[in-house]
Amino acid sequence: MPFTALGLSPSLQKAMENEGYKKPYPIQIEAIPAILNKNDVLGIAKTGSGKTASYVLPILMNLQGNLVSKNRHVNVLVLVPTRELAIQVGEVFQLFGNKLTRKVKSLAVYGGVSINPQMIAMQNVNILIATPGRLIELVENNAVHLNDIETLVLDEADKMLHLGFKEEVDKILNLLPKKRQNLLFSATLSDDVNEINQILLHNPSIIKIESDEDHLDLIDQVAYFVSEEKKGPLLRYLIQQGKLKQVLVFTSTVYKADNVANKLRKNGINASAIHGKRSQAARKETLLKFKNGELNVLVATDLLARGIDIAFLPHVINYELPRSPKDYIHRIGRTGRAENPGEAISFITPEDKHHFKIIQKKMGKIITMIDSENIEF
Ligand code: AMP
């Protein structure tokens, strides 16, 4: 199906051509007409499926026909769980919003940076992309009013309903007008998502593209049985011997992420850490360098396990196993995307063995385990 069949304006079609988009992705074929039609949508699709454009484009179109700018009263609210995702989604709105004949102003707001510039920039904003905590701060400072919201998007909804976000999200939902369009996107259809779907959505178009589980076959998974002390040398060996150029290494704690990155650097490997304790500017710069290929190894906590789109990420290493099988799937889902095969390596200590069995059972896959004792490094 060509883009012309989706009901988008010629200027947006041109903008997509300029981006090198040749044809719509499956989620776009289904979500764009439904959103243009002002339906509620439940989209189950992983990052990398093109889900951002699937709501950005029709939202921009709908606003074109109906743009009433009341100062500090935004029309569209997109809630996202992380600062990085706020920036990424903000960029997609900017990219396409700038191409329209009637300009639509969008702004991404998130914590970890000073609130004042965001309060000033809020003038005449139509589309606000926000993390929940910062949005509440802005509302409390009267910098933004949510009573004219026509469309609400919950991106990465499964995450938004966890990790202590629920209370903030409920608070925000109470500030919105009852009559509005609700768009909910999630990588998985968990019980929580189902619950909010029932509360939030009215007769929604349900679009299920492909789950992270479905694309596991694209990923070559392997495990190394290794003692805690030998993990560092094994990691260096795998990176150096395999001449790996773009590796995402996951640790469970901020301390460990810094520690692993420092040790890699001491051994001449171009590595840096990213986690919630680093400043927003440093996180942004590090992620950009990693995406550009200037940084070979990014060591991250689970902050990065979801939502972030890196076009081609060949290697993911679980330096430490995540606690839940779901997190394991999200982490390794950073690779093997967009039809590119990827490799996911997990380090398994004697203590992890039982837990790793559970993960494999949940995935319905047996993963080859190599004993690192048999490798010379
Ligand atoms: P997302 O799932 O929204 O994170 O998008 C994943 C990637 O796909 C982004 O880099 C988009 O620029 C890209 N993309 C989205 N739609 C298309 C399309 N129709 N054709 C080619 N690339 C696309």
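Because the structure is predicted, anything quoted here is derived from the model rather than measured.

Analysis parameters
Residues numbered from 1 in each chain as written. Predicted model: local features only at pLDDT ≥ 70, side-chain atom pairs only at ≥ 80, totals over all residues. Heavy atoms only, no water. Phe/Tyr/Trp six-rings, centres within 6.5 Å; stacked < 30°, edge-to-face > 60°. Lys NZ or Arg CZ within 6 Å of the ring centre and 35° of its normal. Helix = DSSP H or I, 4+ residues; strand = E, 2+ residues; numbered from the N terminus. Contact = heavy atoms within 4.5 Å. Salt bridge = Lys/Arg side-chain N within 4 Å of Asp/Glu carboxyl O. Buried < 20%, exposed > 50% of the residue type's maximum accessible area, 1.4 Å probe, protein only. Pairing = 2+ DSSP bridges. Axes fitted to C-alpha atoms, helices over the stretch in contact; angles between N-to-C directions. Near = heavy atom within 4 Å. Polar contact = N/O pair within 3.5 Å; in protein donor to acceptor, adjacent residues only side chain to side chain. Areas by Shrake-Rupley, 256 points an atom, 1.4 Å probe, with all protein chains shown as cover. Nonpolar A, V, L, I, M, F, W, Y, C, P; charged D, E, K, R; others polar. Parallel < 35°, antiparallel > 145°, perpendicular 65-115°, else oblique. Left-handed = near helix turned anticlockwise from the far one by under 90°. Core = buried A, V, L, I, M, F, W, Y, C linked by side-chain atoms within 4.5 Å.

*Asks:* How should I be thinking about the packing of aromatic side chains in this particular structure?
*Replies:* Centre-to-centre distance and the angle between the planes together describe a pair of aromatic rings. Counted under the stated rule, the structure contains six aromatic pairs. A connected cluster of aromatic rings, assembled from ring pairs, spans Y55, F93 and F185. When the ring centre of F225 is taken as origin, the NZ or CZ atom of K353, which lies over that ring, is 4.6 Å away.

*Asks:* Would you mind showing me how to read the side chain of T131 here?
*Replies:* Position of T131 relative to the elements: it lies in the loop between strand 4 (127-130) and helix 6 (132-140). Ignoring anything within four residues of it in the chain, the contact list for T131 reads V80, P81, T82, R83, V109, Y110 and G111.

*Asks:* Quick question: what am I supposed to make of the pattern of salt bridges here?
*Replies:* When charged atoms on two side chains of opposite charge get close, those side chains can pair. This model, assessed by the stated rule, comprises eight salt bridges. In this structure, R283 and E84 form a salt bridge, with 2.8 Å as the shortest nitrogen-oxygen distance. With R283 in helix 12 (residues 280-292) and E84 in helix 4 (residues 83-97), the pair connects residues that are 199 residues apart, well separated along the chain. Of the two residues, R283 and E84, both sit in the buried class. Ionic pairing is found between E137 and R134, a salt bridge with its closest N-O pair at 3.2 Å. You can see E137 and its partner R134 sitting in helix 6, three residues apart, about one turn around the helix.

*Asks:* Quick question: what am I supposed to make of the sheet that holds strand 9 (residues 247-250) here?
*Replies:* Pairing between sheet strands relies on hydrogen bonds along the backbone, with the strands arranged either parallel or antiparallel. The strand order across the open sheet built from seven strands is 10-11-9-12-13-8-14, with neighbouring strands paired in parallel fashion. In the strand order of this sheet, the two ends are held by strand 10 (271-274) and strand 14 (368-371), each with one partner. On average, each strand axis in the sheet is inclined to that of its neighbour by 20 degrees, with strand direction left out of account. Strands strand 10 and strand 11 (297-300) of the sheet are contacted by helix 11 (residues 254-266), whose axis makes an angle of about 170 degrees with strand 10.

*Asks:* Help me understand the site of the ligand in this model?
*Replies:* Close to the ligand lie 13 residues, the nearest being Y21, Q28, G48, G50 and T52. Contact between the ligand and K23: a nitrogen atom at 2.9 Å from a main-chain N or O atom of the residue. The contact in question runs from an oxygen atom of the ligand to an N or O atom on the backbone of S49, over 3.1 Å. Contact with the protein chains hides 78% of the accessible area of the ligand, taken as 500 Å² for the molecule alone. When its residues are assigned to classes, the shell around the ligand shows four nonpolar, six polar and three charged.

*Asks:* Please explain the packing of helix 2 (residues 26-36) against helix 3 (residues 51-64) as it appears in this structure.
*Replies:* When two helices pack together, their arrangement is given by the angle between their axes and by how far apart the axes lie. The contact between helix 2 and helix 3 brings their axes to 9 Å, and the two run at 25 degrees. When the interaxial angle is binned, helix 2 and helix 3 end up roughly parallel. For the pair helix 2 and helix 3, the sense of crossing is right-handed. When helix 2 is examined against helix 3, the residues I27, Q28, A31, I32, I35 and L36 are found in contact with a partner set consisting of K51, A53, S54, Y55, L57, P58, I59, M61 and N62.

*Asks:* Even after reading the chapter, I still don't get the environment of D40, so can you show me in this structure?
*Replies:* Examined against the element boundaries, D40 turns out to sit in the loop between helix 2 and strand 1 (41-45). Judged by relative accessible area, D40 falls into the buried class, the value being 4%. Ignoring any residue separated from it by four or fewer positions in sequence, one finds D40 in contact with R180, Q181, N182, L183, L200, L201, H202, P204 and S205. A distance of 2.8 Å separates a polar side-chain atom of D40 from the backbone nitrogen of H202.

*Asks:* So what exactly am I meant to see when it comes to the nonpolar core here?
*Replies:* Note that soluble globular proteins tend to have their nonpolar side chains buried in a common cluster. Ranked by size, the top nonpolar core spans 40 residues in total, and within it Y55, I59, V78, F93, F96 and I127 carry the most contacts. Going through the elements one at a time, helix 1 (10-18), helix 2, strand 1, helix 3, strand 2 (76-79), helix 4, strand 4 and strand 6 (181-186) are the ones with two or more residues in this core. Ranked by the residues each element gives to this core, the list is headed by helix 3, at eight residues. Once residues within four sequence positions are removed from consideration, I59 is found in contact with I35, V76, F93, I127, T151, V153 and L183. L79, V144, I149 and F165 belong to the second largest nonpolar core, which has 34 residues in total.

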